[in-house]
Amino acid sequence: VQLVESGGGLVQPGGSLRLSCTASGFTFSSAAMSWYRQASGKERELVAGITSAGGSTNYADSVKGRFTISRDNAKNTVYLQMNSLKPEDTAVYYCRARWAVVIRRYDSWGQGTQVTVSS
């Protein structure tokens, strides 16, 4: 199982970035996917989540209206479009996959990608 995030970097306040997380080693279309972030000295927090078929999404209040989570099951990839970025969005962003096979549950994390919002 592997989750590889990409797309992070340095951006000015008000700018945009799109993060990608490409999965392998499991049936991506069966997994609920989510993005978390962890700022320096803070706990990891949920940013956004999307169901396996993409029919339902949820967002942290702090990013509603600015971030959009989506997925392409044909490409085994989940995205996080981040607009109107603020300095407080600076963090390491992690991709998470959760799925079940019969009665066994699985949970996997990516290695993270750094997002820095600064002028």
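Residues numbered from 1 in each chain as written. Predicted model: local features only at pLDDT ≥ 70, side-chain atom pairs only at ≥ 80, totals over all residues. Heavy atoms only, no water.

### Some words on the pattern of salt bridges
- Inspection of the entire model under this criterion finds 5 salt bridges.
- D89 serves as the salt-bridge partner of R37, at 2.9 Å between the closest nitrogen and oxygen. Placement of R37 in strand β4 (residues 32-38) and of D89 in the loop between β8 (77-82) and β9 (91-101) is noted, with a sequence separation of 52 residues between them. The pair formed by R37 and D89 is uniform in burial state, with each residue classed as buried.
- A salt bridge links D107 to R96; the shortest N-O distance between them is 2.5 Å. In this pair, D107 is assigned in strand β10 (residues 104-109) and R96 in strand β9, connecting sequence segments 11 residues apart.
- Under the relative-accessibility criterion, D107 is labelled partly exposed at 42%. (Salt bridge = Lys/Arg side-chain N within 4 Å of Asp/Glu carboxyl O. Helix = DSSP H or I, 4+ residues; strand = E, 2+ residues; numbered from the N terminus. Buried < 20%, exposed > 50% of the residue type's maximum accessible area, 1.4 Å probe, protein only.)

### Quick word on the side chain of T113
- Summarising the element assignment, T113 is placed in strand β11 (residues 113-117).
- Polar contacts involving the side chain of T113 include one to the main-chain amide nitrogen of G8, which spans 3.3 Å.
- If we skip the residues at most four places from it in the chain, T113 touches E5, S6, G7, G8, L19, A91, V92 and Y93. (Polar contact = N/O pair within 3.5 Å; in protein donor to acceptor, adjacent residues only side chain to side chain. Contact = heavy atoms within 4.5 Å.)

### Some thoughts on the state of the cysteines
- In total, this model carries 1 disulfide according to the counting rule given.
- Each disulfide pairs two cysteine sulfurs, and for C21 the partner residue is C95, the sulfurs being separated by 2.1 Å. The chirality of the disulfide connecting C21 with C95 is left-handed, given an S-S dihedral of about -80°. Of this pair, C21 sits in strand β3 (residues 17-24) while C95 is found in strand β9, placing the two residues 74 residues apart along the sequence.
- For C95, a relative accessible area of 0% corresponds to the buried category. (Disulfide = S-S within 2.5 Å.)

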